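# Overview (structure and organization)
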Protein chains: 4
Amino acid sequence: MKKIKNIAVLTSGGDSPGMNAAIRAVVRASVYYKIKCTGIYRGYEGLIEGDFETLDARSVKNIINRGGTFLKSARSKLFRTAEGRKQAYEQLKKNEVDALVVVGGDGTFAGASVFKKEYNFPIVGIPGTIDNDISGTDYTIGYDTALNTVIEAIDKIRDTASSHNRLFLVEVMGRNAGDIALNAGIGAGAEEILIPEQDMGINRLVESLKRSRKSGKTSSIVVVAEGDKIGKNIFELAEYIEGNFENYEVRVTVLGHIQRGGAPSCFDRVLASRLGIGAVEALLAGDQDIMIGIKNRKLVKVPFNETITGENEIDLELLKVADITSI
Amino acid sequence: MKKIKNIAVLTSGGDSPGMNAAIRAVVRASVYYKIKCTGIYRGYEGLIEGDFETLDARSVKNIINRGGTFLKSARSKLFRTAEGRKQAYEQLKKNEVDALVVVGGDGTFAGASVFKKEYNFPIVGIPGTIDNDISGTDYTIGYDTALNTVIEAIDKIRDTASSHNRLFLVEVMGRNAGDIALNAGIGAGAEEILIPEQDMGINRLVESLKRSRKSGKTSSIVVVAEGDKIGKNIFELAEYIEGNFENYEVRVTVLGHIQRGGAPSCFDRVLASRLGIGAVEALLAGDQDIMIGIKNRKLVKVPFNETITGENEIDLELLKVADITSI
Amino acid sequence: MKKIKNIAVLTSGGDSPGMNAAIRAVVRASVYYKIKCTGIYRGYEGLIEGDFETLDARSVKNIINRGGTFLKSARSKLFRTAEGRKQAYEQLKKNEVDALVVVGGDGTFAGASVFKKEYNFPIVGIPGTIDNDISGTDYTIGYDTALNTVIEAIDKIRDTASSHNRLFLVEVMGRNAGDIALNAGIGAGAEEILIPEQDMGINRLVESLKRSRKSGKTSSIVVVAEGDKIGKNIFELAEYIEGNFENYEVRVTVLGHIQRGGAPSCFDRVLASRLGIGAVEALLAGDQDIMIGIKNRKLVKVPFNETITGENEIDLELLKVADITSI
Amino acid sequence: MKKIKNIAVLTSGGDSPGMNAAIRAVVRASVYYKIKCTGIYRGYEGLIEGDFETLDARSVKNIINRGGTFLKSARSKLFRTAEGRKQAYEQLKKNEVDALVVVGGDGTFAGASVFKKEYNFPIVGIPGTIDNDISGTDYTIGYDTALNTVIEAIDKIRDTASSHNRLFLVEVMGRNAGDIALNAGIGAGAEEILIPEQDMGINRLVESLKRSRKSGKTSSIVVVAEGDKIGKNIFELAEYIEGNFENYEVRVTVLGHIQRGGAPSCFDRVLASRLGIGAVEALLAGDQDIMIGIKNRKLVKVPFNETITGENEIDLELLKVADITSI
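Residues take numbers from 1 onward in each chain, read along the sequence in its written order. Think of it this way: whatever chain is written first is A, whatever ligand is written first is 1, and the rest follow in order. Reporting in this predicted model follows two pLDDT cut-offs: at least 70 for local features of residues, and 80 or more for side-chain atom pairs to be given and counted; totals over whole chains, interfaces and linings ignore these cut-offs and use all residues. The side-chain numbers reported here are obtained from all heavy atoms of the structure, hydrogens and water having been left aside.

What counts is decided by this rule: UniProt positions are given in the numbering used here, feature names are shortened, and annotations may be inferred rather than shown by experiment.
Looking up chain A in an unreviewed UniProt entry gives the name ATP-dependent 6-phosphofructokinase, with the organism given as Mesonia maritima. Under the Catalytic activity (unreviewed entry) heading, UniProt states for chain A: "beta-D-fructose 6-phosphate + ATP = beta-D-fructose 1,6-bisphosphate + ADP + H(+)". In its Pathway (unreviewed entry) section, the UniProt record describing chain A reads: "Carbohydrate degradation; glycolysis; D-glyceraldehyde 3-phosphate and glycerone phosphate from D-glucose: step 3/4."

### Structural notes on the overall build of chain A
Keep this limit in mind: To qualify as a helix, a DSSP run of H or I must reach at least 4 residues; to qualify as a strand, a run of E must reach at least 2; elements of each kind are numbered from the N terminus. Values of the radius of gyration come from C-alpha atoms, whereas the globule rule sets the reference at 2.2 Å times the count of residues to the power 0.38. Two residues form a contact once any of their heavy atoms are found within 4.5 Å. Methods summary: accessible areas were calculated by the Shrake-Rupley approach with a probe of 1.4 Å, and residue burial reflects only the protein chains presented. The charge count includes Lys and Arg as positive and Asp and Glu as negative, but it does not include His or the ends of the chains. To locate a charge, take NZ of a lysine, CZ of an arginine, CG of an aspartate or CD of a glutamate.
In terms of helices and strands, chain A carries ten helices and eleven strands. The C-alpha atoms of chain A give 22 Å as radius of gyration, which agrees with the globular expectation for 327 residues (20 Å, within 12%). Relative to all contacts within chain A whose residues are 6 or more apart in sequence, the contacts with residues 24 or more apart total 75%. Looking at chain A as shown, the accessible area adds up to about 11800 Å², and 46% of this sits on carbon and sulfur atoms. Counting 42 positive and 43 negative side-chain charges, chain A places the averaged centre of each group 7 Å from the other.

### Details of the sheet that holds strand S4 (residues 99-104) of chain B
Residues and elements named next belong to chain B. Our working definition: Being paired, for any two strands, means DSSP has found at least two bridges between them. Think of each axis as a best-fit line through the C-alpha atoms, taken over the contacting stretch in the case of a helix, with angles from 0 to 180 degrees between the N-to-C directions.
Reading across from one edge, S3-S2-S1-S4-S5-S10-S11 is the order of the seven strands in this open sheet, with mixed pairing throughout. Looking at which strands have only one partner, the edges of the open sheet turn out to be strand S3 (52-55) and strand S11 (298-303). Taken over all neighbouring pairs, the strand axes of this sheet differ in orientation by 30 degrees on average, direction set aside. Sheet topology places strand S2 (residues 36-40) next to S3; four bridges connect them, and they run antiparallel. Within S3, the position partnered with Cys37 by the bridge is Leu55.

### As for the packing of helix H7 (residues 202-214) of chain B against helix H8 (residues 234-243) of chain B
If you want to describe how two helices pack, look at the angle between their axes and the distance between the axes. All names here are of chain B. Rule in force here: To sort the angles, those under 35 degrees are grouped as roughly parallel, those over 145 as roughly antiparallel, those from 65 to 115 as roughly perpendicular, and the leftovers as oblique. Crossings are classed by handedness, with left-handed meaning an anticlockwise turn of the near helix from the far one by less than a right angle and right-handed meaning a clockwise turn. Three categories are distinguished: nonpolar for Ala, Val, Leu, Ile, Met, Phe, Trp, Tyr, Cys and Pro, charged for Asp, Glu, Lys and Arg, and polar for the others, with Gly belonging to the last.
For the pair H7 and H8, the least separation of the axes is 11 Å and the interaxial angle reads 50 degrees. Considered as vectors, H7 and H8 are oriented oblique to each other. The crossing of H7 and H8 is right-handed. Where H7 abuts H8, its residues Ile202, Asn203, Leu205, Val206 and Leu209 lie against Leu237, Tyr240 and Ile241. Looking at side-chain class alone, the contact of H7 with H8 contains seven nonpolar, one polar and no charged residues.

### Some words on the sheet that holds strand S9 (residues 250-254) of chain D
Residues and elements named next belong to chain D. Taken together, the four strands give an open sheet; going across it, the order is S7-S8-S6-S9, and neighbouring strands pair in parallel fashion. Each edge of the open sheet carries a strand with a single partner, namely strand S7 (192-194) and S9. Neighbour-to-neighbour, the strand axes of the sheet open up by a mean angle of 20 degrees, direction not taken into account. Note: strand S6 (residues 167-172) against strand S8 (residues 220-225), six bridges, orientation parallel. Note that in S8 the partner of Val170 across the bridge is Val223. Each of S6, S8 and S9 touches helix H5 (residues 143-164); the most contacted strand, S6, lies at about 165 degrees to it.

### Things to note about the relation of the copies chain C and chain A
Rule in force here: Copies overlap after least-squares fitting; the atoms used are the C-alpha atoms of residues with pLDDT of at least 70 in both.
Superposition record for chain C on chain A: RMSD 0.0 Å, screw rotation 180 degrees, translation along axis 0.0 Å. Both copies are brought into coincidence by an operation consistent with a two-fold rotation axis. Among all C-alpha atoms of chain C, that of Asn296 of chain C lies closest to the rotation axis, at 2.3 Å. Comparing interface residues between copies, 100% of those in chain C also sit at the interface in chain A, which points to an isologous, same-surface contact.

### Some thoughts on the interface of chain C and chain A
Where we set the bar: Buried area, as used here, totals the accessible surface that two parts lose on assembly, with accessibility defined by a 1.4 Å probe and the loss added over both. Definition used for salt bridges: Asp or Glu carboxyl oxygen within 4 Å of a side-chain nitrogen of Lys or Arg.
Between chain C and chain A, the residue contacts involve 51 residues of the former and 51 residues of the latter. At the boundary of chain C with chain A, total buried surface from both sides reaches about 4300 Å², with 56% on carbon and sulfur atoms. Considering only the surface of chain C that becomes buried against chain A, Cys266, Ile324 and Ile327 of chain C emerge as the three largest contributors, covering 14% of it. Taken together, the links from chain C to chain A amount to eight salt bridges.

### Details of the pairing of S11 of chain B
Residues and elements named next belong to chain B. Strand direction decides the pairing type here: strand S10 (residues 290-295) and S11, joined by six bridges, are antiparallel. Within the sheet, the bridge partner assigned to Lys295 lies in S11 and is Lys298. In this antiparallel pair of consecutive strands, S10 and S11, the connection spans two residues, and Asn296 shows a positive phi of 50 degrees.

### Observations regarding the domain arrangement of chain A
Residues and elements named next belong to chain A. The cut-off we apply is this: Just so you know, the domain bounds were taken from an automatic or database domain assignment. Under this definition, polar contacts are N or O atom pairs within 3.5 Å; protein pairs additionally need one hydrogen-donor-capable and one acceptor-capable atom, and for neighbouring residues in sequence, both atoms have to be side-chain atoms.
Taken as a whole, chain A is organised into domain 1 (6-142 + 264-309) and domain 2 (144-260). Just the C-alpha atoms count here: the centres of domain 1 and domain 2 sit 35 Å apart. The interface of domain 1 with domain 2 comprises 13 residues on the first partner and eleven residues on the second. At the junction of domain 1 with domain 2, the criterion picks out zero salt bridges. Put simply, domain 1 and domain 2 have eight residue pairs in polar contact (both at pLDDT 80 or more) between them. Looking at the side of domain 1 that touches domain 2, its residues break down into four nonpolar, five polar and four charged.

### Considering helix H10 (residues 316-325) of chain A
The condition that has to hold: Per-residue accessibility, obtained with a 1.4 Å probe over protein chains only, is compared with the maximum for each type, and a residue is labelled buried under 20%, exposed over 50%, and partly exposed between these values.
All of the buried residues in H10 of chain A are Leu318, Leu319, Val321, Ala322, Ile324 and Thr325 of chain A. Near the N-terminus of H10 of chain A, the side chain that reaches the backbone nitrogen of Glu317 of chain A, with its oxygen 3.0 Å away, is that of Asp315 of chain A.

### Some points on the pattern of salt bridges
Considering all chains together, one arrives at 60 salt bridges over all chains under this definition. The residue Asp289 of chain C makes a salt bridge to Lys117 of chain C at a minimum N-O spacing of 3.6 Å. Placement of the pair is Asp289 of chain C in the loop between helix H9 (266-284) and strand S10 (290-295) and Lys117 of chain C in helix H4 (residues 106-119), with a sequence separation of 172 residues. Look at Asp289 of chain C and you get buried, because its relative accessible area is 19%. Taking the shortest distance from any N to any O, the salt bridge between Asp138 of chain C and Lys295 of chain C comes out at 3.4 Å. In this pair, Asp138 of chain C sits in the loop between strand S5 (123-127) and helix H5 (143-164) while Lys295 of chain C sits in strand S10, placing the two residues 157 residues apart along the sequence. Within this structure, Arg42, Glu49 and Asp51 of chain A form a network of salt bridges that share partners.

### Thoughts on a negative patch on the surface
The condition that has to hold: Residues with no salt bridge and a relative accessible area higher than 30% make up the patches, which join like charges within 9 Å and nonpolar side chains (Val, Leu, Ile, Met, Phe, Trp, Tyr) within 5 Å.
On the surface, Glu152 of chain A, Glu152 of chain B, Glu152 of chain C together with Glu152 of chain D cluster together into a patch of negative charge. Relative to the helices and strands, Glu152 of chain C is located in helix H5.

### Thoughts on the packing of helix H1 (residues 19-32) of chain D against helix H9 (residues 266-284) of chain D
Residue and element names in this part refer to chain D. Two elements in contact, H1 and H9, have axes whose closest approach is 7 Å; the angle formed by their N-to-C orientations is 40 degrees. With respect to each other, H1 and H9 are oriented oblique. H1 and H9 meet at a crossing whose hand is right-handed. For the pair formed by H1 and H9, the contact residues are Ala21, Ala22, Ala25, Val26, Ala29 and Ser30 on the first element and Arg269, Ala272, Ser273, Gly276, Ile277 and Val280 on the second. By residue class, the composition of the contact of H1 with H9 is eight nonpolar, three polar and one charged.

### Points about the packing of aromatic side chains
Let me state the cut-off plainly: Centre distance within 6.5 Å is the pairing criterion for rings of Phe, Tyr and Trp, where only the six-membered ring of Trp is used; planes under 30 degrees apart are then read as stacked, over 60 as edge-to-face, and the remainder as tilted. Definition used: whenever NZ (Lys) or CZ (Arg) falls within 6 Å of the ring centre and also within 35 degrees of the ring normal, the charge is taken to sit over that ring.
Tallied over the full model, the rule gives 50 aromatic pairs over all chains. Ring centres of Phe115 of chain D and Tyr119 of chain D lie 5.2 Å apart, and the angle between their planes is 45 degrees; this geometry places the pair in the tilted category. One end of the pair, Phe115 of chain D, and the other, Tyr119 of chain D, are both in helix H4 (residues 106-119), four residues apart, so they sit about a helical turn from each other. In this structure Tyr119 of chain D comes out as partly exposed when scored by relative accessible area, which is 23%. The ring of Phe245 of chain A has Lys210 of chain A lying over it, and the distance from NZ or CZ to the ring centre is 5.9 Å.

### As for the UniProt feature "active site" (unreviewed entry) in chain A
Residue and element names in this part refer to chain A. Taking the UniProt record as the reference, the feature "active site" (unreviewed entry) is found at Asp131. Residue class for Asp131 comes out buried when judged on its relative accessible area of 18%. Those residues in contact with Asp131 that lie beyond four places of it in its chain are Met173, Gly174, Ala177, Asp179 and Ile180.

### Quick word on the confidence of the model for chain A
So the rule is basically this: What pLDDT expresses is the predictor's confidence in each residue, scored from 0 to 100.
Per-chain confidence: chain A averages 94 in pLDDT, with 98% of residues scoring 70 or above. Our summary of model confidence lists the complex with pTM equal to 0.97 and ipTM equal to 0.96.

### Remarks on H1 of chain D
Residues and elements named next belong to chain D. To keep things clear, this is the line we draw: Given the number of residues in a helix, its expected span is that number minus one, multiplied by 1.5 Å.
Under the 1.5 Å per step criterion, the end-to-end length of H1 is 20 Å for 14 residues, consistent within 8% with the ideal 20 Å. Counting buried residues in H1 gives twelve out of 14 residues, a clear majority hidden from the surface. Those residues of H1 lying buried are Met19, Asn20, Ala21, Ala22, Ile23, Arg24, Ala25, Val26, Val27, Arg28, Ala29 and Ser30. Immediately beyond the C-terminal end of H1, within one or two residues, lies Lys34, with a positive phi of roughly 60 degrees.

Have a look at this one:
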């Protein structure tokens, strides 16, 4: 195998807080191991177009505390074509890049894996997405920050909910994974939590809200994941609930993209720093076609094809915690 | 005039951060001046129903930093009827309340003014609303906090906007007043700001966005007040803009009720403390049918009928500031 | 064994964010399992004095997001005496309490363990301390929040440090454990981190700072744990460093008690909720003399005598991460 | 008078949040009025050394939300000498700068005023300091942000204070001006506030604390300005107080430099934007030797020699507010 003298790094897919910390760690680990580091802008788009820049230790100063990704991110249709990947390979050759670190989600890894197979080019992935929906790692970069953003927003909503004896439906991110909804729902003291992995049924929801109103609760928060299984959009759901109560105002808040931004939490900064170093060390050790993840607080290496999520498993203990603490 | 021995306080209309600080100041000023203080729950609703509680200095401990209102708030249809106001008056008599402080917006003051005229009952108002849309006061309680909540949210959105070269439309509160949109728009570095007081026209908006894209800006934030004059809802507006650009993703975020909650800013806590004391002192000095406001950093007394907002005036200097700083 | 019908809960030792969430979970789990729950104020002091109160599900509403502990905490000298513990036992009998949950650190558990042995009274502990210095659990309640508080403070200090090309020494909590310093130091991008577990030597520190100044860094943050091994207090250390540089201003900030307060992070709220339920379930299952902890994301039961920390182990990987990322 | 074609901007003295927003506004106003804008690094030091850089509208993107000053700041001894100012003038000539905007405090303006007199060089000042101690302006840039930073810190300290029934002495910035202490003290619900403008006497302080302890308060916060008149440093004061109580733990927190940093509040961002534009417009209108300030929400022009603070006046109304609300 060719000796690695130049590692490139890019961020791809939806951005998440902590991506900058991961890039910083990749760059500084490269400096530490006395190899060159190249930044690629706008993910696979910039890879194909040759939007490269040499990075040194000072290039990444004062970014560990910033949300987003200074290398920018993009979703690339062209990289899904053989022609696009060919151009990408040529850019890497032209710029004398020997290995690649990609920070992103399962779509990013799927693309990386195809590319690796076609060109036998060493790639290591780092899980960066707020959704925490990647197999083989306990946590993805940005997830912990997103949880804190969500509960801070709901803490504010609770102020007004309890001042007005209202019910609030709060939509959080998560099309396929209920991790944000379930954890932030518990953390925010939500009355009910609707997640993609489970269909509680609209009737059970209404019954539960009626019970808790009878028990003396005067205001409530229901956290709803984007991909919930209730079969109505959140505004229809609000109307439906209002129709089943007398004198109970229901309000909707869609938290939206504030969940993707913000200064990363300490957890995410440390995680990103560890994973960034781990990725460089894995490449230098000859690994390729893997993601560096974290399991039980230790770094692990997971083949790309094992990172693609199948059905997300429900954490039964957390469901019970949600049930008990909202009593 | 009857000597005042018992002052009641209530919060009415939409809640705002700092209402608790205002209640606390009313209570403690009452203690200071050795009179009784009575809290009324759920605004005019609780006034009519007799939901009263005696408050002492310790009743309001540890609330200055809490959003919302522990006395709760409500909008009362019944208080708009003569019958409702009669019941309210009887409750005040029964509970030996001699004067009333109401914290709320212009709807609250309008109700108070009618009640005052009918029963010659001393009432002083305190402006509490995030919208800053009350004549006769430079600031309303909660407005400064809402501005900070909005810019913190947009700072997060900017992280993801600039990572993806996207345009974000961010809707903020303000059906009739553009104060939040204009100030938070300047504070958040928005590209354009749409307010109820001015119709910039959709074409000028699109032209401006095209110009700034040409000038090298790769991402943008447009702040839109609820009551903007563009004639489309924010989702339609997003579609329209997307239709006028190639390859420019537009996203919408509706900030919603997070703007009403949260720990009040220092500005709002101090303002609320001053107004709460001012209201008690005004009642003791024989004032009634007025709002205590703030003008040029001094407390002022404003007759209720001058607090009702007519057309909100545009601050031309701020419009220009927005124009220049978004260049 | 006697059937458990009434569980009491208290918080003891230094308070930490998330203790309220733990109490809430203990109360609601008791309600869920249809047993009575009794709150004890001011830790072992209130236990001895009989400062008890029955709690129901509504007693703990709106506290999950609050720092501190509404049951208050204290350090009790009297509980270290046989006489004190006798009184405590009598209070428990008198109030018909069958089992006890104590939230605190290793001092709390040591007291609990002695009491358990003397009176064969079922006690389960929950680790609540910001220091993360308890054996047998990966995390203690409040630690994650404290890390975020520290990095937010250092992010602010960095603003002024880099505006003035200054060196800041920032003291963080941790007399015996460097977990806060090491993790927050990495998260805040510190230049150097001084921890109790390792004596880097003052000369190596100065040399390292000189090297990084030569490498082009114009400002630096050094994070210092209270119990660092450098052999000077932080103000003497600042003077010593200043004496070894020309024209390099050194400033000291002692973060102090802000590290103990604040709204708990989502991580701490969920952790506290899980541990609170786990404690009740353990008592109902017949456990006693144990702490409920978390290992590899699963709840675990740890005998009290295994929770007392011996020498804290250094996490060698994190030390290396700190080294590499501060390059 | 010479036509102005090139305006330079620098920040000097202690940094404050919002300075970046002010620089941004100066730059973009220059672009708007079609003149050149030059940034000078490290205040008067960089002016003397010729550390200049041309800035355009894009140079100041994404900085409105950042604390500190990207142009950096410094205190310059050399600029106090005639020789230093001569070099400064030569650098301005060499770089074809026609006018200067300086952002800073009264020391900055004093230097500017001398320079103006010696070289008849147009200079306009912008008040940037967290201390709010400049005559002729209601607010200085950074003051509002510092207030919020202080109350957020004290909110955290209150969590632990009330969990442990403790008294906390919290030192805040302000050697000569009590504005931060007085406003943040009211905002944080402090028991007592010690400011430079008033010597309450240590006995009165102790008596007051005893009274409030008798009245049922179990924890207290005392806010102490750096320049308080009590005649003891804060640690001695803590000891003295502890000596006058039985069983009352006193703790000290010195907030220090966190007060200078952090993302600016909306108020400071808007203020800085207005003042920055105002400074450019004033220079273009032929003004020199003045500060642009804000009075009663309108921009005002204040001769430099009127900005130097004499004795700071106490706001008697706020002292009374503090008294009443801490009852």
